[in-house]
Number of protein chains: 2
Amino acid sequence: MTSLRVLGVDPGLTRCGVGVVDVARDRSAALVHVGVVRSAVDLPIERRLATIAAGLRAVIAEHRPHVVAVERVFAQHNRTSVMGTAQASGIALLVAAESGLDAATHTPSEVKAAITGYGSAEKLQVQTMVARVLRLDSLPQPADAADALALAICHAWRRGPGGTGTGTGAAALTPAQRAWADAERLSRR
Amino acid sequence: MTSLRVLGVDPGLTRCGVGVVDVARDRSAALVHVGVVRSAVDLPIERRLATIAAGLRAVIAEHRPHVVAVERVFAQHNRTSVMGTAQASGIALLVAAESGLDAATHTPSEVKAAITGYGSAEKLQVQTMVARVLRLDSLPQPADAADALALAICHAWRRGPGGTGTGTGAAALTPAQRAWADAERLSRR
């Protein structure tokens, strides 16, 4: 069965959550990889960002996603860390582009709404639904990587072609739909 | 005469100011390069960041600075653009690290204070002083790249060894001082 492989990135300077899922056209999803890319707090900022870039490139090289979904960062978040988070999100987007992949950003409430049906859902509810969607026996670990998985699932569900079949003209496709269609074409070869 | 070559980056998504200066131990400074790296507003964000990364890498490859100084971005700035500015600053820091260069950040008021003696100086005053320091016949053009030059001069003046000579142990040197000392060593070969 053809599926879209999405890398979700929950950007952070100290811990950057990464989750890779395969999402089929019927919206069923399977866990491929989950983890955290860390950078040491005592490194200079430019070395921390390079560590994160290297970690994300390694995940892309190993798991070869079709598209990268990054959580959108807002200025009204915790002020002391928001700039580092924004910089990490920029790194994730750059690494996607330099790997030849399309990228997309989704807000936390878009992710919550996609996964739980409720844009203000609590963290545990999101984690519980991620585990259910991926048919895991327990909550995804580490817990802060569950957001990256939720983001990846959200991206496929929001941007995927759904039940529209393959009749849509290529020009009308979103980048994710194109990736999906490409993956499908490849699987038919 | 030995000098420290600094690349100053005034981060921005649409216009990213870059300025390269050579600053001698007696604090005199010379213009090497000034310009703006642009990215098209209609490109997806990941492509814009990749365009900026490529532009910064080209400046580093051509002018081979010893160190990169990036303006520090704050969350309280204009909210609609601050996230893009923060992402661009992250790209500049990453490109520095991946080019094997140390990087540093300075706040706008640190830059103004270093260049004009007054942390709340107006833009025109900073531009005027940058032109005077670099012995230019007119204000640096484009105007928004003057900040990148000011940043580069500020970095060398704040972090440089000043009049302390070479007696300082290497362990006590800041990254910029090390770069300066390295440049000096190279010039003596």
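Residues numbered from 1 in each chain as written. Chains lettered and ligands numbered in written order. Predicted model: local features only at pLDDT ≥ 70, side-chain atom pairs only at ≥ 80, totals over all residues. Heavy atoms only, no water.

- Per an unreviewed UniProt entry, chain A carries the name Crossover junction endodeoxyribonuclease RuvC and comes from Microbacterium paludicola.
- According to its UniProt record, chain A has this under Sequence similarities (unreviewed entry): "Belongs to the RuvC family."
- Quoted verbatim from the Subunit (unreviewed entry) field of the UniProt record, the comment on chain A reads "Homodimer which binds Holliday junction (HJ) DNA. The HJ becomes 2-fold symmetrical on binding to RuvC with unstacked arms; it has a different conformation from HJ DNA in complex with RuvA. In the full resolvosome a probable DNA-RuvA(4)-RuvB(12)-RuvC(2) complex forms which resolves the HJ." (UniProt positions renumbered as here; feature names shortened; annotations may be inferred.)

**Description of the pairing of strand S4 (residues 67–71) of chain A**
All names here are of chain A.
- The buried fraction of S4 amounts to five of the five residues, a majority that puts the element mostly inside the structure.
- Side chains Val67, Ala69 and Glu71 project from S4 onto one buried face, and the interleaved Val68 and Val70 project onto a second face that is buried too.
- For strand S1 (residues 3–10) and S4, the ladder comprises four bridges, and the chain directions are parallel. Its bridge partner lying in S4, Val9 is registered against Val70.
- Here S4 pairs with strand S5 (residues 102–106) via five bridges, running parallel. Paired with Val68 across the two strands is Ala103, which belongs to S5. (Buried < 20%, exposed > 50% of the residue type's maximum accessible area, 1.4 Å probe, protein only. Helix = DSSP H or I, 4+ residues; strand = E, 2+ residues; numbered from the N terminus. Pairing = 2+ DSSP bridges.)

**As for the UniProt feature "active site" (unreviewed entry) in chain A**
Residue and element names in this part refer to chain A.
- The positions UniProt marks with the feature "active site" (unreviewed entry) are Asp10, Glu71 and Asp144. A compact arrangement is adopted by the annotated residues: their sequence extent is 135 residues, whereas the largest C-alpha distance between any two is 13.0 Å.
- One can find Asp10 in strand S1.
- Classification of Asp10 as buried rests on a relative accessible area of 14%.
- Apart from the residues lying within four places of it in its own chain, the contact partners of Asp10 are Arg15, Cys16, Gly17, Glu71, Asp144, Asp147, Ala148 and Leu151.
- Mapped onto the secondary structure, Glu71 falls in strand S4.
- With sequence-adjacent residues up to four places away left out, Glu71 is seen in contact with Val9, Asp10, Pro11, Ser89, His106, Pro108 and Leu151. (Contact = heavy atoms within 4.5 Å.)

**Let's talk about the interface of chain B and chain A**
- With 27 residues of chain B at the interface, the matching set in chain A holds 27 residues.
- For the pair chain B and chain A, the summed buried area comes to about 2200 Å², and 63% of that belongs to carbon and sulfur atoms.
- The three residues of chain B that bury the most area against chain A are Glu46, Met83 and Leu94 of chain B, which together make up 26% of that side's buried surface.
- Counting across the interface, chain B meets chain A through two salt bridges. (Buried area = accessible area lost by both parts, 1.4 Å probe. Salt bridge = Lys/Arg side-chain N within 4 Å of Asp/Glu carboxyl O.)

**Section: the sheet that holds strand S1 (residues 3–10) of chain B**
Residue and element names in this part refer to chain B.
- Overall, mixed pairing links the five strands, which are arranged S3-S2-S1-S4-S5 in an open sheet. A strand with exactly one partner marks an edge of an open sheet, and here the two such strands are strand S3 (29–38) and strand S5 (102–106). Taking each pair of neighbouring strands and ignoring which way they run, the sheet shows an average axis angle of 20°.
- Note: strand S2 (residues 15–24) against S3, nine bridges, orientation antiparallel. Each residue of the ladder has a partner; that of Val23, found in S3, is Ala29. (Axes fitted to C-alpha atoms, helices over the stretch in contact; angles between N-to-C directions.)

**Observations regarding the relation of the copies chain B and chain A**
- Note on the identical chains: chain B maps onto chain A by a rotation of 180° and an axial translation of 0.0 Å, with an RMSD of 0.0 Å. In short, the pair behaves as if placed about a two-fold rotation axis. The position closest to the rotation axis in chain B is occupied by the C-alpha of Gln87 of chain B, lying 2.3 Å away. (Least-squares fit on C-alpha atoms with pLDDT ≥ 70 in both.)

**Here we look at the packing of helix H3 (residues 108–116) of chain A against helix H5 (residues 146–159) of chain A**
Residue and element names in this part refer to chain A.
- At a minimum axis distance of 9 Å, the contact between H3 and H5 shows a crossing angle of 75°. The angle between the axes of H3 and H5 places the two elements in the roughly perpendicular class. Where H3 abuts H5, its residues Glu110, Val111, Ala114 and Ile115 lie against Ala150, Leu151, Ile153, Cys154, Trp157 and Arg158.
- Residue composition of the contact of H3 with H5, by class: eight nonpolar, no polar and two charged. (Parallel < 35°, antiparallel > 145°, perpendicular 65-115°, else oblique. Nonpolar A, V, L, I, M, F, W, Y, C, P; charged D, E, K, R; others polar.)

**Side note on the UniProt feature "binding site: Mg(2+) 1" (unreviewed entry) in chain A**
Residue and element names in this part refer to chain A.
- UniProt's feature table lists "binding site: Mg(2+) 1" (unreviewed entry) at Asp10 and Asp144, given in the numbering used throughout.
- Taking the relative accessible area as the measure of exposure, Asp144 reaches 26% and is therefore partly exposed.
- Residue contacts for Asp144: discarding those within four places in its chain leaves Asp10, Arg15 and Val36.

**Some remarks on the sheet that holds strand S3 (residues 29–38) of chain A**
Residue and element names in this part refer to chain A.
- The mixed open sheet is built from five strands, whose spatial order is S3-S2-S1-S4-S5. One side of each edge strand has no neighbouring strand; the edge strands of this open sheet are S3 and S5. Strand-to-strand twist of the sheet, defined as the mean angle between neighbouring strand axes without regard to direction, takes the value 20°.
- Seen against the sheet, H5 touches S1, strand S2 (15–24), S3, S4 and S5 and runs at an angle of roughly 135° to S1.

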